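# Observations on chain architecture
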Amino acid sequence: MPLQEKENVIATILALQGDVEVSNIVDSLRKANVTHGCYAYKFRVKTSESLLEKVYRKIAKKPKYCVTTITDVIGIRLVTLFKSEMLDVYKKLIEFTAKETSDDSSELKFIPPEEVIVYRGKSIIEDLYNDIKEISGKFFPDLKVQSEASVAGYSSIHVICRRNKRIEHTPENYFLPIEIQIRTVFEDAWGEIEHKYGYNHRMGKAEDPSIVSSPHIRNHLRVLKDFTDACMEYAECIRKETQRSNAIEQPVTTKPVSVEFDKDILEQFKDASFSEDFIQRFMKARSTREEAANRIAKNTANWDEICSLYITSAQEFSELSKEISQDNCLECLDDKFKLAYFYCKLNEALSFMSTNEIGYINDAYNIYTFLEKYYSEYPILKMRIGQALGKLGQLEDSIVKLREAQAMMEECKEISIKEKKWPSYLPKVDYDHMLWGVPKLLGFSIWSKTQESGVTNSQKEQFYLEALHVTEKCIGCIRKKEDSIDVYNNLLYYSTGFIFYANHTHEALPAVKLMLKKYLKKFTSFFSEINTIPIEEMDTLFRAYALLEHKKAEETANILIKACLRSTRPPSRSNLKIAQNAQYYIDNKKLLSM
């Protein structure tokens, strides 16, 4: 039988078998109370046409892809009202599959699940990965559990399992695959809209000819995602408030950090015979990114406008790099052109990363890893890779890469002392930036580990203290006021967090309390009045005052709440969390969480 005809036959068989099986599977889930606690559940079976269309779409990049490779012939979605309910539903699902795997009397037998993927979105609610891995290990020790950043931005749990039942006219070891997704009602609504207007257009699959593609779709979907995330998190606030449970952790966000441009690098551009027009366009691209950073600092634009500036900057740097090397063939470039190419691509990636959008951060990471093949001796590249990994939630890898950058820059310093000049792969301006930039980023990645699920208070105490000690290395290395504000904000936050979680007998506690007062004094010296302080920095100040039982704590909390609620309409999800924590302090005279 010809290959295409065989694929058509198998697709028809699988679609028909799926129609036969799906009702029994869903009914069994319902009887086993897996759906209990779900707001809704729904299912579908791929048609033979849909199966074949997926093969034709995938086969260009995966030549061996075929109908039996598809893992979602049957798709079931379990929808919860709250993100915190997803774990309960997942546990019931895994218990159900374990029973169906081991119970010989069961009519609905399953093979052990072959894969679980936890998609991380942009929600600031805690990551579910560690809890899911722990639950899975109790029933299936060898089950592969992956955590992936979703390019589209949604949070969801995907479980791939199969019926333990042979299907005639299919390969010998083939069993009907079922993909079961668990997500919130908010993620589900946004996902349906994104699939219709975003995913289908990206894949060229628009089913409704009346729908026209628009270059603004991606931005609109991102804004809608922010709204749905805010709704999901506010719903979680309501639920937790009624249950009087522990608070959700409040993260510190990172801001783009750009290296000051060095006259020596400009001179190298000129020595390589780059035109004045090229150099001016390079500086313009940097200015575009700096304008975005300034608007963030002054809170003078909405995030869409800021992202647009960052993306424009990235595109400008990309055009410059293409003028140097059309096909990214770096072997044929001399050293000066190779250096210019490096700085164009490095800045392109930094502009993408500064958007804080998962898709663009992935774009930045891919650029950095490409550059690493040719510029492995450049310490600042290691720093940027570490920064990108941190933003993608790969914290251990981030910490390793940042420590590698730290070691390399110290080696370069020794070379500069010995040879009385800085090597081309680490100009003095880069070294000066890394001297405080690396410990700041490293401290942040260490602190970020406090936000992972399953982390104990004792571990949080340790991470806060380590982040504090690492970040202290920034002191005395910073030139700009705005960079000093960022660093002292982190020092104040980490010392506050350590005191919040530390055992009262911890030997470092007295010293950190003294440091907290010192950092508080330095931090407040940057501002003339409390109401001129940006929201995130004001939140840090409020927490420090509250922990010290300072008389200004309640006043700062009230100013903070007003600032959060008037910052945007509606308030952003992070500002809602900050306001909730401040209100809790006013009502209870103690901090809800760190």
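Everything numeric here is computed off the predicted structure, so don't read it as measured data. (Residues numbered from 1 in each chain as written. Predicted model: local features only at pLDDT ≥ 70, side-chain atom pairs only at ≥ 80, totals over all residues. Heavy atoms only, no water.)

### Digging into the overall build of the protein
Defined as follows: Secondary structure follows DSSP: runs of H or I at least 4 residues long count as helices, runs of E at least 2 residues long count as strands, and numbering of each begins at the N terminus. Any two residues whose heavy atoms approach within 4.5 Å are treated as being in contact. Only the protein chains shown count as cover for residues, and all accessible areas are computed by the Shrake-Rupley method using a 1.4 Å probe.
The helix and strand tally for the protein stands at 20 helices and six strands. Residue pairs in contact within the protein that sit at least 24 positions apart in sequence constitute 72% of those at least 6 positions apart. Put simply, the protein shows about 28500 Å² of open surface, and 51% of that area lies on carbon and sulfur atoms.

### A few points about the environment of T71
Mapped onto the elements, T71 comes out in the loop between α2 (48–58) and β2 (74–80). Discounting residues that sit within four places of it in the chain, T71 has contacts with E114, I160, R162, P177, I178 and E179.

### Observations concerning the packing of helix α14 (residues 428–448) against helix α15 (residues 457–471)
Selection rule: The axes are straight lines fitted to the C-alpha atoms, using for helices just the contacting stretch, and the angles between their N-to-C directions are given from 0 to 180°. By the definition adopted for this analysis, an angle is roughly parallel if under 35 degrees, roughly antiparallel if over 145, roughly perpendicular if from 65 to 115, and oblique otherwise.
Contact pair α14 / α15: the axes reach a minimum separation of 8 Å and the direction vectors enclose 180°. Between α14 and α15, the angle falls in the class roughly antiparallel. Listed contacts from α15 to P439, L442, G443, I446 and W447 of α14 are F463, Y464, E466, A467, V470 and T471.

### What to know about helix α16 (residues 481–501)
To be explicit about the condition: Expected span, for any helix, means 1.5 Å times one less than how many residues it has. Buried means the residue's accessible area, taken with a 1.4 Å probe over protein chains only, is under 20% of the maximum for its type, while exposed means over 50%, and partly exposed covers the values in between.
With 21 residues, α16 ought to run about 30 Å at 1.5 Å a step, and its terminal C-alpha atoms sit 30 Å apart, in line with that. For α16, the buried fraction is high: 18 of the 21 residues fall into the buried class.

### Here's the deal with helix α4 (residues 129–139)
To keep it simple, the criterion reads: The arc in question is traced by the directions running from the helix axis to the C-beta atoms.
Those residues of α4 that fall on the buried side of the exposure criterion are Y129, I132, I135 and S136. Down the axis of α4, the smallest arc covering the buried residues is 130°, so these residues share one side.

### Some details on the packing of aromatic side chains
Stated formally: What counts as a ring pair is set by centres within 6.5 Å for rings of Phe, Tyr and Trp (its six-membered ring), and what kind of pair is set by the plane angle: stacked under 30 degrees, edge-to-face over 60, tilted for all other angles. Only lysine NZ and arginine CZ atoms are considered, and such an atom sits over a ring when it is within 6 Å of the ring centre and within 35 degrees of the ring normal.
Summed over all chains, the structure comprises 21 aromatic pairs. Ring centres of F352 and Y360 lie 5.6 Å apart, and the angle between their planes is 5°; this geometry places the pair in the stacked category. Like Y360, F352 is buried. Taking 5.3 Å as the distance between ring centres and 90° as the angle between the ring planes, the aromatic pair formed by Y375 and Y378 counts as edge-to-face. Across the pair, exposure class does not vary: Y375 and Y378 are buried alike. Among the aromatic residues, those joined into a ring-pair cluster are F444, W447, Y464, Y493, F500 and Y501. Of note, K225 hangs over the ring of W190, and the distance from its end group to the ring centre comes to 5.5 Å.

### Concerning the nonpolar core
Applicable threshold: Throughout this description, the term nonpolar core refers to a set of buried Ala, Val, Leu, Ile, Met, Phe, Trp, Tyr and Cys residues connected via side-chain atoms within 4.5 Å.
One finds F342, Y368, L381 and F498 to be the most contacted residues of the largest nonpolar core, which totals 106 residues. One finds L29, V45, L52 and I132 within the second-largest nonpolar core, a separate group that totals 48 residues.

### What about the environment of I578?
Residue placement: I578 occurs in helix α20 (residues 573–588). Distance in space between the C-alpha atoms of I578 and C564 is 7.4 Å, their sequence separation being 14 residues.

### With respect to the sheet that holds β2
Which entries qualify depends on this criterion: When DSSP finds at least two bridges between two strands, those strands are taken to pair.
Read from one edge of the open sheet, six strands run β1-β2-β6-β5-β3-β4, paired in mixed fashion. Both outer strands of the open sheet, β1 (40–45) and β4 (145–149), are each paired with one neighbouring strand and no more. On average, each strand axis in the sheet is tilted by 20° relative to the strand beside it, whichever way the strands run. Note that strand β3 (residues 110–120) and strand β5 (residues 156–166) share seven bridges and pair antiparallel.

### Some details on the pairing of β5
Two faces, one strand: in a regular strand the side chains alternate between the faces of the sheet. Of all 11 residues making up β5, eight are buried, and the element is well covered by its neighbours. The pairing of β5 with strand β6 (residues 175–184) spans seven bridges and is classified as antiparallel. Counted as the bridge partner of R162 is P177 from β6.

### Some thoughts on the side chain of Q181
The condition is simple: We define a polar contact as two N or O atoms separated by no more than 3.5 Å, with the added condition that, inside protein, one atom must be a possible hydrogen donor and the other a possible acceptor, whereas residues neighbouring each other in sequence contribute only through side-chain atom pairs.
Inspection of the secondary structure puts Q181 in strand β6. Separated by 2.8 Å, the side chains of Q181 and E179 make a polar contact.

### Structural notes on the packing of helix α17 (residues 509–524) against helix α18 (residues 535–547)
To keep it simple, the criterion reads: Put simply, a crossing is left-handed when the front helix is turned counterclockwise from the back one by less than a right angle, and right-handed when it is turned clockwise. Charged means Asp, Glu, Lys or Arg here, nonpolar means Ala, Val, Leu, Ile, Met, Phe, Trp, Tyr, Cys or Pro, and polar covers whatever is left, Gly included.
The interhelical angle for the contact between α17 and α18, taken along N-to-C directions, is 140°, at an axis separation of 11 Å. In the packing of α17 onto α18, the handedness of the crossing is left-handed. Here L516, L520, F523 and T524 of α17 lie close against α18, whose contacting residues are E537, L541, A544 and Y545. The class makeup of the residues in the contact of α17 with α18 is six nonpolar, one polar and one charged.

### Some remarks on the pattern of salt bridges
Counted only if it meets this: Salt bridges are identified by distance alone: a Lys or Arg side-chain nitrogen within 4 Å of an Asp or Glu carboxyl oxygen.
Applying the stated rule across the entire model yields 33 salt bridges. For E53, the salt bridge identified is with R57, shortest N-O distance 3.2 Å. A residue pair is termed a helical-turn pair when its members lie 3 or 4 positions apart in one helix, as E53 and R57 do in helix α2 at four residues. E53 sits in the partly exposed class, given a relative accessible area of 29%.

### Structural notes on the confidence of the model for the protein
To keep things clear, this is the line we draw: Looking at any residue, its pLDDT shows the predictor's confidence there, from 0 to 100.
Averaged over all residues, the pLDDT of the protein equals 85, while 88% of them reach at least 70. Looking across the protein, the model is least confident in helix α7 (residues 263–271), with a mean pLDDT of 72, and most confident in α15, with 96.

### So, unusual backbone geometry
Despite not being glycine, H169 has its phi angle at roughly 70°, a positive value. Under the relative-accessibility criterion, H169 is labelled exposed at 63%. You will see that K420, though not glycine, has its phi angle at about 60°, which is positive. The residue K420 is located in the loop between α13 (395–419) and α14 in this model.

### Observations concerning the side chain of T97
Positionally, T97 belongs in helix α3 (residues 86–102). Apart from the residues lying within four places of it in its own chain, the contact partners of T97 are F110, P113 and F140.

### A look at the environment of Y365
Structurally, the position occupied by Y365 is in helix α11 (residues 358–372). Sequence separation of Y365 and R384 is 19 residues, and the distance between their C-alpha atoms is 8.5 Å. Sequence-distant contacts of Y365, defined by excluding residues within four places in its chain, comprise I385, A388, L389 and L392.

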